[in-house]
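Residue-level structural notes
Single-letter residue listing:
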Amino acid sequence: MTVSHESGDAWSWLPFYTEYTIIEASDGTTLNDGKAASYRLWWIGMLVVYAIYYCTIVITKPKVVCSGKKLKEAIAEHCPIFFECYWPTIWAFNNHLMTVLRARLQHSPKAQYKRHMLRLYDGGQLALDWLKVDRDDITLPVLVILPGLTGSSQDNYVRYLAKDGESQGFRPVVFNQRGNGGVEMLTPRTYNATNTEDLCEVISHVRSSYPDVPIVGLGVSLGAVLLTRYLAETGDKSELAGVVTVSSLWDGVVSNYRLEQFPSRLLYNWFLSRKVRNMVGRNVPRILSKFQTLPYDINEILKGSVISDYDQSCTIKVFGYPNNTEYYEDVSNKHRLYLVKKPMICIQAEDDPFASHDTLPYTKFEENENTVLVTTSRGGHFGFLEGFFPFGMTWMNRAVQQSLSALKHTNYL
């Protein structure tokens, strides 16, 4: 009988695999001491448990809250995605992974824009980037896209949304806020999540450019908050025929609290804060050449580390709030959802690190027949990854396309 030690088989590349013992008897038969088999069985068992958890817990159908008969018929006909299981990326269905990896992994589609600089009532300016569409028909409805807090037309997700709009027969235009997307600030005024004056000017400009076509809004995160507020403020008089929002914030106080907690503070808050602080900082020399005094102290802005510091040193001073708490309470659109009179389809993930399920106003949506709330159990903050290699379009893109189709192919437009 001989004893040998071997480690080279099909499993030896695994880091947890160790050398095992084989005993060869005098009759030529071999006996394995069982170590290799136990490792295999343990890891196969773990994979089976993981697969069972994924299939039974992670994969779910979206929840749809809609009380309006007209909207129900529209989404039933044009939005099959809302009634099918959402299969998140199997190795990245955690909400933070969804949020971070979408920004890191998603390829940037080709999108050519024509920029128009829009001068505003106070002397400031913003940029409207019109996507160069293949079918340049003057009768195309216009899709006004509002990115997130620091987003612009050059961000991957915004390019995809512009292409989504084009695929559904819209003429997309991206609203680049003051200071974003290469836009120079000409006045001390910035932007926030409650003031819709700049948005009103954008919509007025689009209406004057295309007086005979419908205008639809598409907003993500901060852009979603602004569009919802605009619909609530304008009611039946809204120039927008309909709106689609993704990952909106419904409770500003809770969302800010979540941003302050670990790991959101580390993953998002510092990054976003740095971008908005730098946006103001690089424009201050130009602004000071025209204005002797500013409503904020630039040194105070630059020494901040999180979004609440920026809001304390800049936002509330520019827009006249006494403190951050009152500003965040005013951001909360759940209290004004009943004022929305035009069709609005809202897409949310229940595990959104900024706006999780406990902040979503389900009852308010049920009470307003002009609104639809679609929630997935996974997705993060406009992450919505799907497929094993999530480098291109996400579930969000397919949902947006079908939502736009629902608005376009009914008598809403």
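In what follows, the structure referred to is the one given above.
Now for a look at the structure at hand. (Residues numbered from 1 in each chain as written. Predicted model: local features only at pLDDT ≥ 70, side-chain atom pairs only at ≥ 80, totals over all residues. Heavy atoms only, no water.)

Considerations on the overall build of the protein
- When its secondary structure is counted, the protein shows 13 helices and 12 strands.
- Taken over the C-alpha atoms alone, the protein extends approximately 95 × 55 × 40 Å along its principal axes.
- Buried positions account for 55% of the 413 residues belonging to the protein.
- For the protein, contacts bridging at least 24 residues in sequence account for 73% of all contacts bridging at least 6. (Helix = DSSP H or I, 4+ residues; strand = E, 2+ residues; numbered from the N terminus. Buried < 20%, exposed > 50% of the residue type's maximum accessible area, 1.4 Å probe, protein only. Contact = heavy atoms within 4.5 Å.)

Some points on the sheet that holds strand β10 (residues 242-246)
- If you trace the nine strands from one edge of the open sheet to the other, you get β4-β12-β11-β10-β9-β7-β8-β6-β5, paired in mixed fashion. Strand pairing shows two members of the sheet lacking a second neighbour, β4 (63-66) and β5 (113-119), which therefore form its edges. Between one strand axis and the next, the sheet turns by 20 degrees as a mean value, whatever way the strands run. (Pairing = 2+ DSSP bridges. Axes fitted to C-alpha atoms, helices over the stretch in contact; angles between N-to-C directions.)

Section: the packing of aromatic side chains
- As enumerated under the stated definition, the model contains 17 aromatic pairs in all.
- With 5.1 Å between their ring centres and 90 degrees between their planes, Tyr268 and Phe354 make a pair best called edge-to-face. With a gap of 86 residues between them, Tyr268 in helix α8 (residues 264-288) and Phe354 in the loop between β11 (344-349) and α12 (362-367) connect regions that are remote in the sequence. Here the two residues Tyr268 and Phe354 agree in accessibility, since each one is buried.
- An aromatic cluster is present here, built from Tyr50, Tyr53, Tyr54, Trp87 and Phe93 joined pairwise through their rings. (Phe/Tyr/Trp six-rings, centres within 6.5 Å; stacked < 30°, edge-to-face > 60°.)

Observations concerning empty space enclosed by the protein
- Tallied over the full model, the rule gives one cavity of 30 Å³ or more.
- Of the voids in this model, the largest cavity is the one considered here, and its volume is about 80 Å³.
- What lines the largest cavity is Phe175, Gln177, Arg189, Thr190, Tyr191, Asn192, Asn195, Thr196, Asp198, Leu199, Leu226 and Phe319. (1 Å grid on protein atoms, 1.4 Å probe; cavity = no way out; pocket = protein on both sides within 12 Å on 5 of 7 lines; lining within 4 Å. Points joined across faces, edges and corners; volume = space filled by probe spheres on them.)

Focus on the nonpolar core
- If you look at the biggest cluster of nonpolar residues, it comprises 60 residues, and the most contacted ones within it are Leu128, Val142, Val144, Val202, Leu240, Val280 and Met344.
- The leading source of residues in this core is α8, at seven residues.
- Residue contacts for Leu240: discarding those within four places in its chain leaves Ile203, Ile215, Val216, Gly217, Leu227, Tyr230, Leu231 and Lys342.
- In terms of nonpolar packing, the next biggest core, distinct from the first, is built from 48 residues, Met98, Leu131, Tyr157 and Val220 among them. (Core = buried A, V, L, I, M, F, W, Y, C linked by side-chain atoms within 4.5 Å.)

Considering the layout of surface pockets
- Roughly 1000 Å³ of internal volume is contained in the largest pocket.
- The wall of the largest pocket is formed by 39 residues, among which Leu149, Thr150, Leu272, Phe354 and His381 lie closest to the centre.
- For the lining of the largest pocket, the elements supplying multiple residues, two or more each, are α3 (95-105), α4 (156-167), α6 (222-234), α7 (252-260), α8, α10 (307-319) and α11 (324-331).
- If one sorts the elements of the lining of the largest pocket by residue count, α8 sits on top with six residues.
- Residues belonging to the lining of the largest pocket are distributed by class as follows: 22 nonpolar, 12 polar and five charged.
- Roughly 200 Å³ of internal volume is contained in the second largest pocket.
- Together, Lys114, Arg115, His116, Trp130, Leu131, Lys132, Val133, Asp136, Arg171 and Tyr210 line the second largest pocket.
- Elements with a minimum of two residues in the lining of the second largest pocket: β5 and β6 (125-131).
- Here the lining of the second largest pocket gets three residues from one element, more than from any other, and that element is β5.
- Considered class by class, the residues forming the lining of the second largest pocket number four nonpolar, one polar and five charged. (Nonpolar A, V, L, I, M, F, W, Y, C, P; charged D, E, K, R; others polar.)

As for the environment of Ala37
- Locating Ala37 in the fold gives a position in helix α1 (residues 35-58).
- Classification of Ala37 by relative accessible area gives partly exposed; the value is 38%.
- As for Ala37 and His357, which are separated by 320 residues in sequence, their C-alpha atoms are 44 Å apart.

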